[in-house]
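Survey of secondary and tertiary structure
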Amino acid sequence: MNTIANVLRNRSNLKLNLTQITRLSSNVSEEKIVIPKAIPRGPTDILRALESTVSRDPTATHYKYHDDPFLIPMSNMGKRTFAMAQEAGRKAAYWVREQHPDLFQHQEADPPIKPFFPKMVYSEDEVTEDTLKHVIDEVLIPDAKKIYKLMIEKGMEISKETQQALLDLLCFYNNEDTLSEEFIEERWFRNSAKEKVRKTWADGSLAEEIFISIENPDAAAYSAIIQGMAKHYQVNRAWQLFEEAQGKGLEVNTSTYNSIIRVTSFMKESYDLRWSFVNDILSLMNKAKTKPNLGTLNACLEIVSTMGQSKTAKSYALKLLKEFKSLGIEPSLASWYHVLMTYCKERGPVSTILNDILPHIENKEHTIRDIKDTFFFVTAMDICRNHLHDKDLAQRVNKLLHFGNNYNLIGDSYKESIYYRHYFIVLCETEPLDEFMENIYNKLVPHIYVPEPGVIAEVLKNIDMNSAVEYLPKIWSDMLIFDHTGRENLLNMVMNIMINHKPDESSELNDKFSKIAWGIWSKIENQNENRIQKLAFTGEMLGNIMIMVLRNNDFEKAFEVMQKLDKGMHSVVGVPKLDALSMFMDHCIKEKLPTTAIQCIQYLTDSGFPEAEDFAIRLNKSLTLDETHLGRLGKIVGEQFLQKKM
Amino acid sequence: MSLVNLKQILTKCSLQQTQRSLLHTTAICNRVQSGRYRITAKKDFPLTYEMANPPHQIAHRKSWNSWNTSNLQGGLRSSETAVEDMFIRKFMLGTWHGLFVSEIIVKRQHNMIRVAGIIRQSISPRKVYFLIGYSEELLSYWLQCPTKIELQTVADRKDVIFKYI
């Protein structure tokens, strides 16, 4: 044992000696080992880091859709329907749970999961101030109202803070129940473009009652009620209460001043008055020594953007930006949105301010700091398309959108589709068609963006201009999937492209074009009798269809078309082009069908074509006609031609 | 002691004997018939791959329908898990009426439950999505675990038939 201890000691001494020797003999100066401070990691940080490496896969649909070919949405309607249907199912389950709370009283999860707790039912005996506080925290507005009323009935004391909290809640939500945060799809698809700016404040609601019931309302109460009224456009009373508060010398908070500024346009008409009003409010703020914040900047900019196109408006905007910068308030995307609205008016001079804005915000991650931040990207892309027609700028904006988590700022589905619509069209107009199709069209369509009929029309125009007919079959199949084939103008454009750009004889495009033409034919033939907006055949359309199928040497179909022309003289408007009938005639001669040829000539004469005679002569020359045929021809065209031949 | 007591004791003994003698044994019967399907005369009874392989092929050609760790050493809630699985199966079959063409597979990972199966394409995708949302949400509330439903659709019932018997 002794020896072992000795050996161990020696060994450890040896090691120590060795390290000392190496340290002395090494040339490298002693490197201090600095242990860095531990970065506090949350429970899901590793997952977030992994997620940041995965970007959107354009070949698959959004992950909210079920991954099965039958269940993949292929059109805008489909995407919306499927997502909303799934959410409707969730709501149904939610409703079942609410209807039968006695069945869902178990609580088995360990550790406990809050959303799975059984629902609370508030009865008369059990309400206390704590339940009210709890309900206010959970944003359950109908429950809050009910509990408050119960407490008032029972004459229970409610502390000032709770009362203030309840007042805040009711003013913010205008006494209405809000959509639970769980129902994300409904929020995503809610059509926020149709928000009408009209008074929605519920007069005489519980919020006002609470406000009146407070004997000496303090600054916080005034702030809450003024902000609520201003938010829901009850402007007159908001202003009244504001003046009252000023008269009493109460210091309302910054957000109240901001909300008053925001409704300036309802109170003052002319631009000068508006600007002076804003200045008044700001000076009031100054007197009360309330610090302005980002909301103040955005509210002022919003008012400036409504001031029409004048040089003064633009100068005000710049002044505001500069002043707030000196206060240390960084403009958010909403501020830039208002600046763009001020500068880039539709009927105004072209302004390249977007070029100056982008360097400030590029290559940075933005978070939502103001509710109007989501308007920025749509507006920027709109300006790139309509105002500036600049594709580089569009690409830069797109890159910013895809930087980090900025995609969260796209807003909702409506804004997303408008954004991509503008992006598509600006690139369609400026980029060469091949690159456009390869990089943009094939990547984004159909999973990220489904183009609207107007956008498809632009693409078709582009194809027409570039004679790039090889893309036409793909566009046609996309039109079929997205259900754009009901549009007459699109069908006409497709037909014109096919007619004007005749492919070579041997190319397989002939086959595809004939299929497309036949697709149009069957679509119109077979459409539902009861449709309101029925598509009708025109003579020219039928002629074009005939040309297409004849180019592919498909005589039967052409014959069908001819029959339709002949028999449907009443329903078909107009006549086909002469080329169509000429081609048909040639094919008849090739196929040696004199009866059909004579039928064609009959149609020519009936429609009033003067070339009927030439056709008859041609027919006579190429085919040997027997007595009956000659007789009929004679009846149609007249006896002169026989003499001509002779 | 008395004659009556003696009689009672005697009858009790004879009762026990008769009770014992009510036990009947037969010869040992080695027939196994669980999970096996009888051949029909017309040979038109359809079997899926799962039905066609009898239980001794589990872990050879077949795998289990319920996957969880409750039956391992230290595994918790084995009986509750089994009962919950039965509930899930009955619930799914009832909600998706006539749509399932395969067995319903239940896999548990951490506290997530994944329910998988093959359904027919007989209802429109919109209705399928509604049922998916409803089933996921209701099962989550009932079982107090996040539930995910993973389905695969098949055009025709005949696509999952392995053989006719």
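This text gives an overview of the structure that appears in the document. Predicted model only: the values in this text are computed from it and were never measured.

1. Focus: the packing of aromatic side chains
For any two aromatic rings, the description comes down to two numbers: the centre-to-centre distance and the angle of the planes. The full count for this structure, using the stated rule, is 28 aromatic pairs over all chains. Seen from their ring centres, Phe 104 of chain A and Trp 142 of chain B are 5.5 Å apart, and the 90° between their planes marks the pair as edge-to-face. Of this pair, Phe 104 of chain A sits in the loop between helix H3 (76–99) and helix H4 (129–137) while Trp 142 of chain B sits in helix H4 (residues 125–143), placing the two residues on different chains. With relative accessibility at 8%, the residue Phe 104 of chain A sits in the buried group. Owing to a relative accessible area of 30%, Trp 142 of chain B belongs among the partly exposed residues under this scheme. Pairing Phe 242 of chain A with Tyr 257 of chain A gives two aromatic rings, centres 5.8 Å apart and planes at 85°, and the pair type is edge-to-face. Taken together, the residues span a long stretch of sequence, with Phe 242 of chain A in helix H10 (residues 235–248) and Tyr 257 of chain A in helix H11 (residues 254–262) at a distance of 15 residues. By the burial criterion, Phe 242 of chain A is buried, and Tyr 257 of chain A matches it. Connected via pairs of aromatic rings, a cluster forms that spans Tyr 419, Tyr 420, Tyr 423, Phe 424, Phe 436, Tyr 441 and Tyr 449 of chain A. The ring of Phe 183 of chain A has Lys 91 of chain A lying over it, and the distance from NZ or CZ to the ring centre is 5.2 Å. Over the ring of Trp 67 of chain B we find Lys 107 of chain B, and its NZ or CZ is 5.2 Å from the ring centre.

2. Considering the interface of chain A and chain B
Contacts between chain A and chain B engage 27 residues on the former and 27 residues on the latter. Where chain A abuts chain B, roughly 2500 Å² becomes buried across the two surfaces, and 66% of that area is made up of carbon and sulfur atoms. Taken together, the connections running from chain A to chain B amount to ten residue pairs in polar contact (both at pLDDT 80 or more). Each residue belonging to the side of chain A that touches chain B can be placed in one class, and the counts come to 16 nonpolar, six polar and five charged.

3. Examining the pattern of salt bridges
A full pass over the atoms with the stated rule returns 21 salt bridges over all chains. Across the pair Glu 182 of chain A and Arg 90 of chain A runs a salt bridge, and its minimum N-O distance is 3.8 Å. Taken together, the residues Glu 182 of chain A in the loop between helix H6 (160–173) and helix H7 (184–189) and Arg 90 of chain A in helix H3 connect sequence positions 92 residues apart. Connected through shared salt-bridge partners, Glu 108 of chain A together with Arg 77, Glu 84, Asp 85 and Arg 108 of chain B make up one network.

Reading guide: rules and limits
Every chain's residues receive numbers from 1 upward, in the order its sequence appears when written. Numbering of ligands from 1 and lettering of chains from A proceed in the order in which they are written. The model is predicted, so local features are restricted to residues of pLDDT at least 70 and side-chain atom pairs to those at 80 or more, both for listing and for counting; the totals for chains, interfaces and linings are taken over all residues. Heavy atoms from the whole structure form the basis of all side-chain values; hydrogens and water molecules are not counted. Centres within 6.5 Å make a pair out of two Phe, Tyr or Trp rings, where for Trp the six-membered ring is used; the pair is then stacked when the planes are under 30 degrees apart, edge-to-face when over 60, and tilted otherwise. What counts as a helix is a DSSP run of H or I of at least four residues, what counts as a strand is a run of E of at least two, and both are numbered from the N terminus. Classification of residues uses two cut-offs on accessible area relative to the type maximum, computed with a 1.4 Å probe and protein chains only: under 20% is buried, over 50% is exposed, and between them is partly exposed. For a lysine, the NZ atom is tested; for an arginine, the CZ atom; a charge sits over a ring if that atom is within 6 Å of the ring centre and within 35 degrees of the ring normal. A contact between two residues is defined here by any heavy atoms of the two lying within 4.5 Å. Here the quantity called buried area is the total loss of accessible area, with a 1.4 Å probe, experienced by two parts when brought into contact, counted for both. We call two N or O atoms a polar contact when they sit within 3.5 Å, provided that within protein one can donate a hydrogen and the other can accept it, with sequence-adjacent residues counted only if both atoms are side-chain atoms. Under the scheme applied, nonpolar residues are Ala, Val, Leu, Ile, Met, Phe, Trp, Tyr, Cys and Pro; charged residues are Asp, Glu, Lys and Arg; polar residues are all the others, including Gly. Criterion for a salt bridge: a side-chain nitrogen of Lys or Arg within 4 Å of a carboxyl oxygen of Asp or Glu.

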